[in-house]
Structures are given as structure tokens and as C-alpha cells.
Amino acid sequence: MTATDQRRTQAIPLTVLTGFLGAGKTTLLNRILTGDHGLRVAVLVNDFGSINIDAELVVGIESEGDVINLANGCVCCNIRDDLVAAVTRMLTRPEQPDYILLEASGVADPSGIALTFMDEGMRDRIRLDSIMCVVDAEQIFAAPGMMELKLRQVAFADLLILNKIDLVAPEEIDRIEAWLDDRFHRYRLVQTSHGNVPLEILLSVGRFDPAQIDGTPRHHQPDHLTDCDDPECGNHVHGYRNDHADAFDTWSYETDQPLSMDALRETARKLPASIYRCKGVVHAAEEPGRRVILQVVGKRVDIAVGDEWGGREPRTRIIAIGARNGVDGAALHELFGGCRYATHHV
Ligand SMILES: Nc1nc2c(ncn2[C@@H]2O[C@H](COP(=O)(O)OP(=O)(O)OP(=O)(O)O)[C@@H](O)[C@H]2O)c(=O)[nH]1
């Protein structure tokens with residue numbers, strides 16, 4: 001074994017969870033964290049919005065310092081430096097983790113993340129173990145304008161986790177697989193719901209191959225993915241290198257005043273199709289002692305009563321992410337403001 005090989009074997013393994021907004025990354029992350037792995041796992045959670053809701057929803061971590069919250073941007077591009085700084089901090093802590101899980105934002109291009117860990121200063125300290133892409137079986141064909149990004153997330157993964165199969169008919173799964181077959185030469189896929197995948201195929205699998213970041217959708221030429229700046233070129237995926245985050249707008253809302261759960265549900269159902277994702281931790285009038293979790297993916301709305309506030313002042317924090325110019329902040333403010341229990345019950 002060469003000295004470099006030796007250093008690499010001592011490097012801390014890191015798995016990247018990628019996949020489009022709302023596909024089920026946090027659900028999978030929580031599954032892993034609560035699984036029987038016996039590892040001290042540190043977690044980096046990246047939410048694209050200005051408030052990191054995901055960091056609040058991570059479970060099964062013993063020490064608070066083992067969850068690092070990266071918000072207000074995307075770790076594959078505009079807050080890449082924050083990612084490097086956070087990992088460096090993790091590695092210099094007295095209690096180093098055995099394993100690191102990185103939940104990328106739903107808008108991330110995994111190739112940018114892989115490049116960060118293949119960088120000279122990182123690759124001896126971090127061993128990229130696997131990039132897994134969670135695919136939402138129900139929403140895969142939704143938001144057609146985002147299809148190029150979704151394809152890149154699939155193309156740069158070494159395992160596809162086709163999640164939410166409970167929400168679709170078996171014929172739809174066949175259709176998705178045929179669609180993938182048509183676009184990719186080779187891929188590994190596991191079907192599941194609620195991220196229920198055996199740990200053995202998730203952690204310490206050593207699947208990442210640096211050559212995979214040259215892997216591209218069949219109809220695209222690899223060089224074009226990184227080198228071409230010609231906006232007229234129909235041969236490649238444009239706009240997802242440094243500036244793909246510009247394709248999205250975000251909005252956030254905070255209030256101390258309790259909201260009505262019924263009004264919230266009604267409002268969430270009325271969100272325009274240009275909003276791909278909305279989620280939040282809510283102070284609800286009907287459940288003042290507990291955090292209420294709002295989840296909206298496409299047209300699907302889920303409002304669930306979570307755990308207690310744990311000594312913290314109840315406070316609603318909601319974010320929405322949508323297409324560029326598809327997020328009307330003033331209109332959203334009015335909609336969610338109208339959910340205030342006091343307003344709703346006059
Ligand atoms: N029915 C069903 N719902 C699921 C499944 N997996 C996740 N969900 C729900 O889908 C919603 C989004 O799940 P998350 O795990 O937060 O998705 P995410 O990819 O982390 O979302 P972002 O980080 O915002 O991109 C939540 O309401 C989950 O409970 C599944 O397999 N079936």
C-alpha cells in the first residue's frame with residue numbers, strides 16, 4: 001500500500017444524499033441515523049432557503065454539534081466554501097465522526113459536490129463513499145422545466161433510490177424504469193417507500209468511482225457538461241455549473257402568532273404550481289405544546305403533529321422554493337399571514 005493509499009483508508013467516509021426537492025432525502029437520512037450502525041455519524045444538512053427546516057427535522061443524533069446546518073444557498077455552487085469550512089471544522093473537532101452524511105439541497109448538482117471532495121486539500125481527509133440520488137416516483141415527471149437538473153442528479157449518482165412507490169401504481173414504476181433505461185446506459189436502482197432501504201447498501205459501500213463524475217445522460221456529450229458556454233447548443237445541460245441556483249427563487253415566513261391548522265392546510269393546497277416545495281415548523285393554535293410539521297411537495301400536502309418544543313419558544317418558520325419568478329413573496333405573505341388563528345377566527 002502506498003502512503004497515499006494509507007492516508008485514504010484513514011480518511012473519513014462521506015455519503016452524499018441528493019435528489020430533487022421533496023424526494024425524500026431527509027426521510028432517508030433519518031432512517032439511516034436511527035439504524036443499527038454503531039457509528040458516530042455527523043450530518044451536514046443543506047437547505048436552499050434562508051431558514052434550514054431540514055436541520056430541525058433530523059433525528060437520532062446524540063450531540064447537537066454533530067448536525068451542521070448549511071442554509072441560504074446550495075453546497076454544490078454558491079455556498080461551496082461554507083461546505084469546505086464545515087467539513088474542516090468537523091475534522092478538527094476532538095471527537096471526530098466515524099462517518100459523515102451530507103444531505104444536499106434539492107436543487108444541488110452532485111458533480112459540484114463530488115469535485116469539492118476530490119480537491120487536493122480534501123481527498124486525503126474525506127473518502128467519498130457514495131452519491132445516492134433519491135427519486136420521487138410520484139413527482140419524477142412533474143416540473144418539466146427542472147428535468148435537466150433531475151437528470152444530472154441521476155447521472156452523477158451511483159445508486160438511485162426510487163422512493164414513494166407506495167404512491168404510484170406498479171405500471172408507473174415500469175414506465176419510470178423504461179424512461180431511465182432510455183436515458184442511461186447503466187444504473188443501480190432500489191425501489192422503496194419512506195427510505196426503507198437496508199443499511200448494508202447505504203453505508204461504507206465504496207461505490208463512488210471518480211470516473212462517475214464524467215458519467216452523463218446518454219444523449220449528452222460529457223465535455224459539454226463542463227466546457228460549453230454556447231447558449232444555442234442543444235447538446236448538453238446548460239446553466240447548472242455555478243449559477244444553477246439562479247433558476248430558483250425562495251421565500252420565507254416567520255411569526256410568533258399561532259396559526260390555524262385548517263387554514264394552513266387550505267392555504268398549502270392553493271399554492272401555485274410554480275412552487276415546487278414548501279415546508280415548515282409551525283406554531284399551531286390547536287397544538288400549542290408541539291411542533292407541527294408542514295410538508296408540501298407539488299400538490300401533496302401533509303401536516304403532522306411532531307414532538308414538543310423542548311423549552312424553545314414556539315415560532316412558525318416556513319419556506320417555499322419555486323421557479324425563478326414563480327415565487328410571489330407578497331402574495332405568499334398574505335396567504336400565510338391569513339392563517340393566523342386570530343385572523344381566521346374573527
Ligand atoms: N407517501 C410517502 N411519503 C413520503 C415518502 N418518503 C418521504 N415522504 C414524504 O415526502 C415529504 C418530503 O420528504 P423529505 O424527506 O422531507 O424530502 P427531502 O428530499 O428531504 O426534501 P427537501 O430537502 O426539501 O428537498 C415528507 O412529507 C415525507 O414524509 C414515501 O416513500 N412515501
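All values reported here derive from a predicted model rather than from experimental measurement. (Residues numbered from 1 in each chain as written. Predicted model: local features only at pLDDT ≥ 70, side-chain atom pairs only at ≥ 80, totals over all residues. Heavy atoms only, no water.)

Enquirer: Kindly report on the confidence of the model for the chain, identifying the contributing residues and their values.
Expert: On average, residues of the chain carry a pLDDT of 87, and 87% of them reach 70 or more. Within the model, pLDDT remains below 50 along residues 215–242, and this stretch shows 53 contacts once partners closer than five positions in the same chain are excluded. Prediction confidence for the complex, expressed as pTM and ipTM, is 0.90 and 0.99 respectively. (pLDDT = per-residue confidence, 0-100. Contact = heavy atoms within 4.5 Å.)

Enquirer: So what's going on with the UniProt feature "domain: CobW C-terminal" (unreviewed entry) in the chain? Residues and values would help.
Expert: Sites flagged by UniProt as "domain: CobW C-terminal" (unreviewed entry) map to residues 248–340. As annotated, residues 248–340 comprises 19% helix and 45% strand, and the C-alpha atoms at either end are separated by 27 Å. (UniProt positions renumbered as here; feature names shortened; annotations may be inferred. Helix = DSSP H or I, 4+ residues; strand = E, 2+ residues; numbered from the N terminus.)

Enquirer: Explain the site of the ligand to me, and be specific about the residues and the numbers.
Expert: As a structural note, the neighbourhood of the ligand is formed by 20 residues, with Lys25, Thr26, Thr27, His194 and Lys279 the closest of them. Here an oxygen atom of the ligand sits 2.7 Å away from a polar atom, N or O, in the side chain of Lys25. Contact distances for the ligand include 2.8 Å between an oxygen atom and a side-chain N or O atom of Asp54. In the complex, the protein chains occlude 89% of the 650 Å² of accessible area that the ligand would expose alone. The pocket occupied by the ligand, as judged from atoms lying within 2 Å of grid points, is the largest pocket. Among the secondary structure elements, those contributing two or more residues to the shell around the ligand are helix 2 (25–33), strand 9 (275–283) and strand 10 (290–297). A total of three residues in the shell around the ligand trace back to one element, the largest contributor, which is helix 2. Class assignment of the residues belonging to the shell around the ligand gives a composition of four nonpolar, nine polar and seven charged. Of the residues that make up the shell around the ligand, three or more belong to each of domain 1 (3–227) and domain 2 (248–344). (Near = heavy atom within 4 Å. Polar contact = N/O pair within 3.5 Å; in protein donor to acceptor, adjacent residues only side chain to side chain. Areas by Shrake-Rupley, 256 points an atom, 1.4 Å probe, with all protein chains shown as cover. 1 Å grid on protein atoms, 1.4 Å probe; cavity = no way out; pocket = protein on both sides within 12 Å on 5 of 7 lines; lining within 4 Å. Sits in = over half its atoms within 2 Å of the grid points. Nonpolar A, V, L, I, M, F, W, Y, C, P; charged D, E, K, R; others polar. Domains from an automatic or database assignment.)

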